[in-house]
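Inside the fold
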Amino acid sequence: MALSEQEQRLLEQLEASLKAEDPKLADRLSGTTQIKVHRRRAAIAGLAFVAGVIVLLIGVQIHPAVSIVGFLLMLGGALVGISSWQRVADDNPQPARPGGGPRFTPGPSSNQEFMDKLEERWRRRQQGDL
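Note on numbering: residues in each chain are counted from 1, in written sequence order. Owing to the predicted nature of the model, reporting of local features is limited to residues with pLDDT of at least 70; listing and counting of side-chain atom pairs is limited to 80 or more, with chain, interface and lining totals taken over all residues. Note that water and hydrogens are dropped before the side-chain values are worked out from all heavy atoms of the structure.

Attention now goes to a nonpolar patch on the surface. Taken together, Phe49, Val50, Ile54, Ile58 and Ile62 make up a surface patch of nonpolar side chains, about 450 Å² in accessible area. The residue Ile62 is located in helix H3 (residues 34–62) in this model. Judged by its relative accessible area of 60%, Ile62 falls in the exposed class. Grouping into patches uses exposed residues only, defined as over 30% relative accessible area, and leaves out salt-bridged ones; the cut-off is 9 Å for like charges and 5 Å for nonpolar side chains (Val, Leu, Ile, Met, Phe, Trp, Tyr). For every accessible area listed, the method is Shrake-Rupley and the probe measures 1.4 Å; residues are considered covered only by the protein chains on display. By salt bridge we mean one thing: a side-chain nitrogen of Lys or Arg within 4 Å of a carboxyl oxygen of Asp or Glu. A run of DSSP states H or I qualifies as a helix once it reaches four residues; a run of E qualifies as a strand once it reaches two. Both are numbered from the N-terminal end. Here the term buried applies to any residue with accessible area under 20% of the maximum for its type, exposed to any over 50%, and partly exposed to those in between, with areas from a 1.4 Å probe on protein chains only.

Note: predicted coordinates in regions of low pLDDT should not be interpreted at a detailed level. Of all residues in the chain, 76% have pLDDT values of 70 or greater, and the mean over the chain is 79. A residue's pLDDT is simply how confident the predictor is in it, with values from 0 to 100. Confidence scores differ between elements of the chain, with helix H2 (residues 23–30) showing the lowest mean pLDDT of 70 and H3 the highest of 88.

All right, on to a positive patch on the surface then. A cluster of basic residues, Lys117, Arg121, Arg124 and Arg125, forms a positive patch at the surface. Mapped onto the secondary structure, Arg124 falls in helix H5 (residues 108–127). When charges are counted, neither His nor the chain ends are considered; positive counts come from Lys and Arg and negative counts from Asp and Glu. In this description, the location of a charge corresponds to atom NZ of lysine, CZ of arginine, CG of aspartate or CD of glutamate.

To continue, consider the side chain of Ser84. Looking at the element boundaries, Ser84 is found in helix H4 (residues 64–91). The exposure class of Ser84 is buried, given its relative accessible area of 2%. Apart from residues lying up to four places away in sequence, Ser84 is in contact with His38, Arg41 and Ala42. Note on contacts: a residue pair is in contact if any heavy atoms of the two residues lie within 4.5 Å.

The subject of this paragraph is the pattern of salt bridges. Taken as a whole, this structure holds two salt bridges when the rule is applied. Close ionic contact of Glu119 with Arg123 constitutes a salt bridge, the shortest N to O distance being 3.8 Å. Residue Glu119 and its partner Arg123 are both found in helix H5; the two are separated by four residues, about one turn of the helix. On the accessibility criterion, Glu119 (40% relative accessible area) is partly exposed. Between Arg123 and Glu120 there is a salt bridge, with the nearest N and O atoms lying 2.9 Å from each other. Residue Arg123 and its partner Glu120 are both found in helix H5; the two are separated by three residues, about one turn of the helix.

What follows is about helix H1 (residues 5–21). One turn of the α-helix equals 3.6 residues, which is why residues spaced by three or four share an orientation. Given a helix with a known number of residues, its expected span is that number minus one, times 1.5 Å. With 17 residues, H1 ought to run about 24 Å at 1.5 Å a step, and its terminal C-alpha atoms sit 24 Å apart, in line with that. Summarising burial for H1: zero of the 17 residues are buried, a small minority.

This is how it looks when you write it as structure tokens:
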């Protein structure tokens, strides 16, 4: 069912006010999220990298300057691709590990306890108790 002109104008006004009030929500609802943009940019950078490899290999046979252009294309594609992929990972947090809670990271007190134990063992060895 088609909308009338008045309903279309009202819908456009609602969309404009939503974009003005909450741009992140508007982007998410419209489907143009930052994750999609960064994924697309990373995919294009991957294609640029492959094209750079091809130009580099062709340049070896034709002229060294062409090889340099291919290398620069590869380098640019790799840098853009890596930075875009990192942004995708930053914007898309991973769910919690299925094995349980957070990993154990020793704090300063446990390191100090460990060192104290080692020193005590060393003293006992020096005294001949072991």
